[in-house]
Amino acid sequence: MSKQTGLLAVVGGPGAGKTALLRHFRHSAEKAGMLAPYVKVEKGEGLLEVLDKLCQEMTAEGGKKAAADSVEKLLLAVEKAQAGTGFGAIIFIDDIDNMKKADEAVSAIGAAAKAAWGKRSVSFVISSTSELKLGPEMATIMVLRPFNDQEAREFMEKALKKGPPKMGEECLASILEDSGGNPRLLKSVSKHIYDKLKDTEKVITKGHYLGYMPYIMSMLSREWFGAMYQETPAAERVILKAMASAGDGMHVSDIAKKIGKPLGPVTALTKRLLDSGQIVRMDRGKYKVFARIYARYVMQRG
């Protein structure tokens, strides 16, 4: 990488593997001798706070103390920190959609990367749950999709190795259907079943999955679902609950009728749920909860 500034945006729902992928990229960059500062954006942080965190990260990695109050100045600071190495640098920003005025921050990064093309040897890799307003001339966008049947099977075979136990086809199909192919959900559900198995059992069956369901739901609530649901505003929960009761998805107009609310506000609230990754778009104006097992959890919350 020599004077080839660019921006890669990794987009996917909760549990799609964005953070794991960024960390893999970062490990590869560091292994290649590149400077690779990484920060995870917390909810409500502003651009200046994130820039400061990146400067602190560079200092912690043994570089000179740096400061930046704009993306352009950050590029200068990073380039100066890796000057003379010949390897370049990649700046990693995870969960950028958590940032206050995220669209403005993403636009600023995209514009800075575009302006620096051919002039600087610093690139950006960012991740987001919500869709980003970036044109192809400003960034390369990588969308992480759910596992399909073959990918889920390969994942399970790699996780269980030669076994025993082995994952039964019927069990895997049920988990894949309930998880919507979400990598994190698939992994978590499988692990919780595995933890409950007796040492003598050689095949993980659908009976195990159904029998351990209360335990699985309890663990998912504690590890993931509880916080995600609790952080959802009450008005959005009403819409989420309406969708959870319709396994095949619902049009926004049908949701508005069901909950007795005007279409405009319901559309806006549905967009927020989409941005948070709790629902996915099926078709124009039609959405569903991202995973059947999460829909089940929502319904249990009453």
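Here we summarise the structure given alongside this text. Quick caveat, the model's predicted, so the values are computed rather than measured.

### Quick notes on the overall build of the chain
So, step 1. Across its full length, the chain carries 13 helices and 10 strands.
So, step 2. Principal-axis analysis of the C-alpha atoms gives the chain an extent of 60 × 55 × 30 Å.
So, step 3. Here the chain holds 302 residues, and 46% of them are scored as buried.
So, step 4. Working note: accessible area of the chain is about 15,900 Å², and carbon and sulfur atoms make up 54% of it.

### Quick look at the side chain of Ser-128
So, step 1. Note on placement: Ser-128 falls in strand E4 (residues 122-128).
So, step 2. Within polar-contact distance, the side chain of Ser-128 engages the backbone oxygen of Ser-130 at 2.6 Å.
So, step 3. Ignoring sequence-local partners within four residues, the contact set of Ser-128 consists of Val-10, Val-11, Gly-12, Lys-18, Ile-96 and Asp-97.

### Description of the packing of aromatic side chains
So, step 1. One pass over the full model with this rule turns up 8 aromatic pairs.
So, step 2. Ring centres of Trp-224 and Phe-290 lie 6.0 Å apart, and the angle between their planes is 40°; this geometry places the pair in the tilted category. Here Trp-224, found in helix H9 (residues 213-230), pairs with Phe-290, found in the loop between strand E10 (286-289) and helix H13 (292-300); they are 66 residues apart in sequence, far enough to count as distant.
So, step 3. Classification of Trp-224 by relative accessible area gives buried; the value is 7%.
So, step 4. The exposure class assigned to Phe-290 is buried, which follows from its relative accessible area of 9%.

### A word on the pairing of E10
So, step 1. Bridge analysis of strand E8 (residues 250-251) against E10 gives 2 bridges, and the strand direction is antiparallel. Bridge assignment links His-251 to a residue of E10, and that residue is Lys-286.
So, step 2. The loop that links strand E9 (residues 279-283) with its antiparallel partner E10 comprises 2 residues; one of these, Gly-285, has a positive phi angle of about 80°.

### A look at the environment of Val-238
So, step 1. Within the secondary structure layout, Val-238 lies in helix H10 (residues 234-244).
So, step 2. Look at Val-238 and you get partly exposed, because its relative accessible area is 41%.
So, step 3. Between the C-alpha atoms of Val-238 and Val-266, which are 28 residues apart in sequence, the distance is 9.9 Å.

### Some details on the sheet that holds strand E2 (residues 38-40)
So, step 1. One open sheet holds the 5 strands; their spatial order is E2-E3-E4-E1-E5, and the pairing between them is parallel. The strands lining the two open edges of the sheet, one partner per strand, are E2 and strand E5 (140-143). Mean inter-strand twist for the sheet, computed between neighbouring axes without regard to direction, equals 15°.
So, step 2. Bridge analysis of strand E1 (residues 7-11) against E4 gives 5 bridges, and the strand direction is parallel. Bridge assignment links Leu-7 to a residue of E4, and that residue is Phe-124.
So, step 3. Packed onto the sheet, helix H2 (residues 47-60) meets E2 and strand E3 (89-94) and runs at close to 140° relative to E2.

### Description of the packing of H10 against helix H12 (residues 263-276)
So, step 1. The interhelical angle for the contact between H10 and H12, taken along N-to-C directions, is 80°, at an axis separation of 9 Å. Taken together, the axes of H10 and H12 lie roughly perpendicular to each other. Here Ala-235, Glu-236, Ile-239, Leu-240 and Met-243 of H10 come into contact with H12, specifically with Val-266, Leu-269, Thr-270, Arg-272 and Leu-273.
So, step 2. Across the contact of H10 with H12, the residue classes tally to 7 nonpolar, 1 polar and 2 charged.

### Considerations on the side chain of Asn-182
So, step 1. In this fold, Asn-182 is placed in the loop between helix H6 (169-179) and helix H7 (183-196).
So, step 2. We classify Asn-182 as buried; its relative accessible area is 7%.
So, step 3. Of note is the side chain of Asn-182, whose polar atom sits 2.6 Å from the backbone oxygen of Pro-14.
So, step 4. Residues within four places of Asn-182 in sequence aside, it is in contact with Pro-14, Gly-15, Ala-16, Pro-146, Trp-224 and Phe-290.

### Examining the packing of helix H11 (residues 252-259) against H12
So, step 1. It is the contact of H11 with H12, at a shortest axis distance of 9 Å, that shows an interaxial angle of 115°. In the crossing of H11 with H12, the sense of the turn from one axis to the other is right-handed. Along its contact with H11, which presents Val-252, Ser-253, Ile-255, Ala-256 and Ile-259, the element H12 presents Leu-263, Val-266, Thr-267 and Thr-270.
So, step 2. Classifying every residue of the contact of H11 with H12 by side-chain character gives 6 nonpolar, 3 polar and no charged.

What counts, and where the lines are drawn
Residues numbered from 1 in each chain as written. Predicted model: local features only at pLDDT ≥ 70, side-chain atom pairs only at ≥ 80, totals over all residues. Heavy atoms only, no water. Helix = DSSP H or I, 4+ residues; strand = E, 2+ residues; numbered from the N terminus. Buried < 20%, exposed > 50% of the residue type's maximum accessible area, 1.4 Å probe, protein only. Areas by Shrake-Rupley, 256 points an atom, 1.4 Å probe, with all protein chains shown as cover. Polar contact = N/O pair within 3.5 Å; in protein donor to acceptor, adjacent residues only side chain to side chain. Contact = heavy atoms within 4.5 Å. Phe/Tyr/Trp six-rings, centres within 6.5 Å; stacked < 30°, edge-to-face > 60°. Pairing = 2+ DSSP bridges. Axes fitted to C-alpha atoms, helices over the stretch in contact; angles between N-to-C directions. Parallel < 35°, antiparallel > 145°, perpendicular 65-115°, else oblique. Nonpolar A, V, L, I, M, F, W, Y, C, P; charged D, E, K, R; others polar. Left-handed = near helix turned anticlockwise from the far one by under 90°.

None of this, on its own, says anything about what the molecule does.
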